[in-house]
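So the chains spell out like this:
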Amino acid sequence: AIVNRFKIKPSPVWLLDCFERLDVERIVCRHCGVILKSTTGKKLYFFLKNLTFFHTYSGFIKLKKKEILSSITYAKRIQQAKLPEKSEIFSFLPQSFILFKPKDIVSGDFYYFKEKEGLIFLAAADCTGHGVPGALMSMVGSEILSDSVSKSSNPSEILSLLNKGIKSSLRQ
């Protein structure tokens, strides 16, 4: 059923590639290391059919993994676009450096920079979580921090607005 669903037909070439015949009663699969024993061709065919299903499903999983990684990699590009330009930071702080090494493809960390009325606002933020959940939180945090800095220049008030904004966005 799954072979027809994904329009993949088992081929004799695949079977020849996958199996080595050791003798009449034993066959070993090179890909998964399984040794199948059979006394009749009928039982052997049953085993081969199941392994074809396994390899078809395995190919489907690899395809889905590739699609998910592609999507997460694109999310990384979006997340990086939200970070401040390094050249802007270096123009105000020439002897500074930025070390940003996410644990996963996307990150729950972000840095923030804004010059406003002669004041420099700089933040290194670590949001709860890693990977996709952390990245979502960093996007929310970055937007709310930017909004908070535009409303106030007082660090205490900015943090208070940030706290209220995150609670509001998460409906807490």
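Shown above is the structure to which this text applies.
Residues numbered from 1 in each chain as written. Predicted model: local features only at pLDDT ≥ 70, side-chain atom pairs only at ≥ 80, totals over all residues. Heavy atoms only, no water.

Colleague: Got a minute to help me understand the packing of aromatic side chains in this structure?
Modeller: The geometry of an aromatic ring pair is captured by two quantities: the separation of the ring centres and the angle between the planes. With the rule as written, the count across this model stands at two aromatic pairs. Between the aromatic rings of F92 and F113, the centroid separation amounts to 5.7 Å while the plane-to-plane angle is 45°, which identifies the pairing as tilted. Here F92, found in helix α4 (residues 86-92), pairs with F113, found in strand β4 (residues 109-116); they are 21 residues apart in sequence, far enough to count as distant. Summarising the aromatic geometry, the rings of F100 and Y111 are spaced 5.5 Å apart at their centres and angled 75° between planes, so their arrangement reads as edge-to-face. Linking F100 in the loop between α4 and β4 with Y111 in strand β4, this pair joins segments that are 11 residues apart in sequence. Of the residues examined, Y111 reaches a relative accessible area of 12% and is grouped as buried. (Phe/Tyr/Trp six-rings, centres within 6.5 Å; stacked < 30°, edge-to-face > 60°. Helix = DSSP H or I, 4+ residues; strand = E, 2+ residues; numbered from the N terminus. Buried < 20%, exposed > 50% of the residue type's maximum accessible area, 1.4 Å probe, protein only.)

Colleague: What should I look at first to understand the packing of helix α5 (residues 131-151) against helix α6 (residues 155-169) in this one?
Modeller: For any two helices packed against each other, one specifies the crossing angle of their axes together with the interaxial distance. In contact at an axis separation of 9 Å, α5 and α6 are set at 135° when each is read in the N-to-C sense. Considering their axes alone, α5 and α6 lie oblique with respect to each other. Considering how the two elements wind past one another, α5 and α6 form a crossing that is right-handed. Where α5 approaches α6, its residues M137, V140, G141, I144, L145, S148, V149 and K151 are matched on the opposing element by I158, L161, L162, G165, I166 and S169. (Axes fitted to C-alpha atoms, helices over the stretch in contact; angles between N-to-C directions. Parallel < 35°, antiparallel > 145°, perpendicular 65-115°, else oblique. Left-handed = near helix turned anticlockwise from the far one by under 90°. Contact = heavy atoms within 4.5 Å.)

Colleague: Any chance you could explain α5 here in plain terms?
Modeller: Along an α-helix, residues three or four apart share an orientation, since each turn contains 3.6 residues. The terminal C-alpha atoms of α5, which comprises 21 residues, lie 30 Å apart, in line with the 30 Å expected from a rise of 1.5 Å per residue. Inspection of α5 places G131, G134, A135, S138, G141, S142, I144, L145, S148 and V149 among the buried residues, and these make up the whole buried set. (Expected span 1.5 Å × (residues − 1).)

Colleague: How do you make sense of the environment of G141 when you look at a structure like this?
Modeller: In this structure, G141 sits in helix α5. On the accessibility criterion, G141 (4% relative accessible area) is buried. Taking the C-alpha atoms as reference points, G141 and D109, separated by 32 residues in sequence, lie 9.6 Å from one another. Ignoring sequence-local partners within four residues, the contact set of G141 consists of F110, L162 and I166.

Colleague: How should the nonpolar core be read in this particular structure?
Modeller: Generally speaking, soluble globular proteins have nonpolar side chains that are buried together. Judged by nonpolar contacts, the single largest core of 13 residues is most densely connected at F110, Y112, F121, L145, V149 and I158. At the level of secondary structure, the elements contributing two or more residues to this core comprise β4, α5 and α6. Here this core takes four residues from β4, the largest share from any one element. Look past the residues within four positions of V149 in its chain and what remains in contact with it is Y112, K114, K116, F121 and I158. (Core = buried A, V, L, I, M, F, W, Y, C linked by side-chain atoms within 4.5 Å.)

Spatial relationships are all this shows, so hold off on functional conclusions.
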